[in-house]
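Chains, contacts and geometry: an overview
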Amino acid sequence: MHNKTIAELAKGLRSGEFSSVELTSAFLDRIKQYSSLNAYITVTEDPALQQAKAADARLAKGDAELLTGIPVAQKDIFCTEGVKTSCGSKMLDNFIAPYNATVVDKFNNAGAVMLGKLNMDEFAMGSSNETSYYGAVKNPWDTNTVPGGSSGGSAAAVAARLAVCVTGTDTGGSIRQPAALCGITGLKPTYGRVSRYGMIAYASSLDQGGPMTRSAEDAAIMLQTMAGFDEKDSTSVDVSVPDYMAGLNNRLEGLKIGLPKEFFGEGLNSDVAAAIEAAVNEYKKLGATVTEVSMPTLELAIPAYYVIAPAECSANLSRFDGVRFGHRCENPLDLTDLYTRSRGEGFGKEVKRRILMGTYALSAGYYDAYYIKAQKIRRLISEDFKRALSEVDVIMGPVTPSTAFGIGEKIGNPIEMYLSDIYTIAINLAGLPAMSVPAGFAGGKPVGLQIIGNYFAEDRLLNIAHQYQQVTDWHQQTPKGFE
């Protein structure tokens, strides 16, 4: 059962081939069997089985939705009522959320079964899932390598078949990068497409939740549930949600693909480049045409991002002070000591680094020199994408410059780690939707093809990804030992 898609499982549940309780139990057993991957922070076994029983009752009545009875897992950045929401941090190790994130409520209303909360880089700050207070997650394709971050637990869980589908969040590539390194499908929607209410903020103008699945079809089913306007989220955009399943089988004749020359320069691994070229050639066979595009400001994306994101994180994480919730130091001498020691003990090294960077960029005398200039660069990057997407339908390229690297290989070099997201960060700065689609292997490790579309064109991206997956089987590959 663990190798079936959402659509296949939904059919089996409706036909009575198996029950949601049986399906959920099978996944709970796999989570225990492969606990060494460290993909989960919290496993909600008893509540999951209760949800599964309720789903079976709903199925018996005939009023089930497509996700009713389907086991899902939530990245541990989404608040879940009565269940620990840690953000992978000691700071929130004791935090039991008193309410559900909108995304969680949407899955609950659809009758999905929550298996648990997934491991992640602390407060979503990282590219390797090594900054988690709960330890590093291992990549199922090679357990000596990282799964990517910050949604590394999410990607590893799908790749190892420890959940049918999961949620992730993407601030600078944190859905697409781990999806690429773990050989699964990940979609970052347009900023504002999925509610951020109850999703603990890292950088509010960049964060976006999205689905992580085996296939584009499954991603379409998940996004159908996740997407939509939410009046509780001031950044939510009130635009209609299309039927994401309806256009999956549309043909691709006449599709115009743009390849940014800035994506294929120095720093891109030659084997990864070859896999991307092969994927693009498959699109040519499907009737697409390919042209080179140029976006000269892309090289400024990383420095702009690492001013803007830390600045926002500095503001967002100021609430974690040991007073209202979260970690509190023992026996503080005074209020200053309470703040200093609670934050010093509760936050990890990478989070402290980014808070300090952001505070510096926002300080008097540096705000204009750094933060304002970074925002101007952000506008230029958006204009570059707007210009390119007026000439082509979608932009394609690599997700990462290399395949999964070794655990511990880059953790001591923040600059090298930040460069892992060199091809993804600009999309967040522009607020565009983008996907990572399995596109082969390099040295036995997965490679992801990035597909970038225009605002609110997720349906077109899913169609383009689905058609590719009809003529390739990279998304069906399973890591050895997890079959």
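Residues numbered from 1 in each chain as written. Predicted model: local features only at pLDDT ≥ 70, side-chain atom pairs only at ≥ 80, totals over all residues. Heavy atoms only, no water.

Helix and strand counts for the chain come out as 15 helices and 11 strands. For a compact globule of 483 residues, the expected C-alpha radius of gyration is about 23 Å, and the chain comes in at 21 Å, within 12% of that figure. The principal-axis extents of the C-alpha atoms in the chain amount to approximately 65 × 55 × 45 Å. A total of 483 residues make up the chain; the buried ones form 60% of that total. Counting only contacts in the chain whose residues sit at least 6 apart along the sequence, the fraction spanning at least 24 positions is 75%. Element-wise, carbon and sulfur atoms account for 50% of the exposed surface of the chain, whose accessible area totals about 17900 Å². In the chain, 45 positive and 53 negative side-chain charges are present, and the distance between their average locations comes to 1 Å. (Helix = DSSP H or I, 4+ residues; strand = E, 2+ residues; numbered from the N terminus. Rg over C-alpha atoms; globule rule 2.2 N^0.38 Å. Buried < 20%, exposed > 50% of the residue type's maximum accessible area, 1.4 Å probe, protein only. Contact = heavy atoms within 4.5 Å. Areas by Shrake-Rupley, 256 points an atom, 1.4 Å probe, with all protein chains shown as cover. Lys, Arg positive; Asp, Glu negative; His and termini not counted. Charge placed at Lys NZ, Arg CZ, Asp CG, Glu CD.)

All right, on to the packing of helix H9 (residues 301-316) against helix H12 (residues 367-389) then. Where H9 meets H12, the closest approach of the two axes is 9 Å, and the angle between their N-to-C directions is 125°. With respect to H12, the element H9 is oriented oblique. By crossing handedness, the relation of H9 to H12 is classed as left-handed. Contact residues: Ala301, Ala304, Val307, Ile308, Ala311 and Glu312 in H9; Tyr370, Tyr371, Ala374, Gln375, Ile377, Arg378 and Ile381 in H12. Looking at the contact of H9 with H12 residue by residue, the classes come out as 10 nonpolar, 1 polar and 2 charged. (Axes fitted to C-alpha atoms, helices over the stretch in contact; angles between N-to-C directions. Parallel < 35°, antiparallel > 145°, perpendicular 65-115°, else oblique. Left-handed = near helix turned anticlockwise from the far one by under 90°. Nonpolar A, V, L, I, M, F, W, Y, C, P; charged D, E, K, R; others polar.)

All right, on to the pattern of salt bridges then. Enumeration according to the criterion identifies 15 salt bridges in this entry. Here Arg251 and Glu253 are joined by a salt bridge, their closest N and O atoms 2.8 Å apart. You can call Glu253 partly exposed: its relative accessible area is 46%. Among the salt bridges present, the one from Arg387 reaches Asp384, with a minimum N-O distance of 2.2 Å. One end of the pair is Arg387 and the other is Asp384, both in helix H12 and 3 residues apart, which spans about a single turn. Classification of Asp384 as buried rests on a relative accessible area of 2%. Sharing partners across several salt bridges, the network here consists of Asp337, Arg341 and Glu345. (Salt bridge = Lys/Arg side-chain N within 4 Å of Asp/Glu carboxyl O.)

If you walk across this open sheet you meet the 11 strands as S1-S3-S2-S4-S6-S5-S10-S11-S9-S7-S8, and the pairing is mixed. Each having just a single partner strand, strand S1 (40-43) and strand S8 (289-293) make up the two edges of the open sheet. In this sheet, adjacent strand axes meet at a mean angle of 30° when their direction is disregarded. Pairing of strand S5 (residues 185-188) with strand S10 (residues 434-442) involves 3 bridges; the strand directions are antiparallel. Bridging from a neighbouring strand, Gly186 pairs with Ser436 of S10. Strand contacts of helix H2 (residues 20-33): S1, strand S2 (71-75) and strand S3 (113-118), with the helix running at about 20° to S3, the strand carrying the most contacts. Each of S8, strand S9 (394-398) and strand S11 (445-452) is contacted by H12, which is oriented at about 115° to S9, the strand it contacts most. (Pairing = 2+ DSSP bridges.)

It is worth spelling out the UniProt feature "active site" (unreviewed entry) in the chain at this point. UniProt records the feature "active site" (unreviewed entry) at Lys75, Ser150 and Ser174, using the numbering of this structure. These residues run over 100 residues, yet every pair of their C-alpha atoms falls within 11.3 Å of each other. If we ignore the near neighbours within four places in the chain, the residues touching Lys75 are Lys117, Leu118, Met120, Ala124, Ser150, Ser151, Ser154, Thr167, Gly168 and Thr169. In this structure, Ser174 sits in the loop between strand S4 (165-169) and helix H6 (176-182). Here Ser174 falls in the buried class, since its relative accessible area comes to 5%. Setting aside its immediate chain neighbours within four residues, Ser174 contacts Ala124, Gly126, Gly149, Ser150, Ser151 and Thr169. Separated by 3.0 Å, the side chain of Ser174 and the backbone nitrogen of Ser150 make a polar contact. (UniProt positions renumbered as here; feature names shortened; annotations may be inferred. Polar contact = N/O pair within 3.5 Å; in protein donor to acceptor, adjacent residues only side chain to side chain.)

What follows concerns helix H15 (residues 458-471). Here H15 spans 21 Å end to end across 14 residues, near enough to the 20 Å set by a 1.5 Å rise per residue. Of all 14 residues that make up H15, 10 are buried, and the element is covered over most of its length. Among the residues of H15, those classed as buried are Glu458, Leu461, Leu462, Asn463, Ile464, Ala465, His466, Gln467, Tyr468 and Gln469. Those residues of H15 hidden inside the fold are in contact with S5, helix H7 (216-226), helix H8 (270-285), S9, S10 and S11. (Expected span 1.5 Å × (residues − 1).)

With 14 residues, helix H11 (residues 349-362) should cover 20 Å at 1.5 Å per step; its first-to-last C-alpha distance of 20 Å lies within 8% of that length. Here H11 has its buried residues at Glu350, Val351, Arg354, Ile355, Gly358 and Ala361. All buried residues of H11 project into a common sector of 135° when viewed along the axis, lining one side. Facing away from the buried side of H11 by more than 90 degrees, the exposed set consists of Lys349 and Leu356. (Arc of directions from axis to C-beta.)

It is worth spelling out the environment of Asn109 at this point. By secondary structure assignment, the location of Asn109 is in helix H4 (residues 102-110). The class for Asn109 is exposed, based on a relative accessible area of 56%. Leave out the neighbours within four places in its chain, and Asn109 touches Arg58 and Glu65.

When you tally the buried positions in strand S7 (residues 256-260), you get 4 out of 5 residues, the bulk of the element. Inspection of the sheet shows S7 paired to S8 by 5 bridges, in the parallel sense. Each bridged residue has a counterpart across the sheet, and for Ile257 the counterpart in S8 is Val290. After leaving S7, the chain enters H8 and then returns to the sheet as S8, a path that is right-handed. (Right-handed = clockwise from strand over helix to strand, strands pointing away.)

Glancing now at the UniProt feature "domain: Amidase" (unreviewed entry) in the chain. Mapped onto this numbering, the UniProt entry annotates "domain: Amidase" (unreviewed entry) at residues 22-462. Along residues 22-462 one finds 37% helix and 14% strand; the C-alpha atoms at either end are 31 Å apart.

Moving on to a nonpolar patch on the surface. The grouping of Val323, Leu335 and Tyr339 at the surface amounts to a nonpolar patch, some 250 Å² of accessible area in total. With respect to the helices and strands, Leu335 occurs in helix H10 (residues 335-346). (Patch = residues over 30% accessible without salt bridge, like charges linked within 9 Å, V, L, I, M, F, W, Y side chains within 5 Å.)

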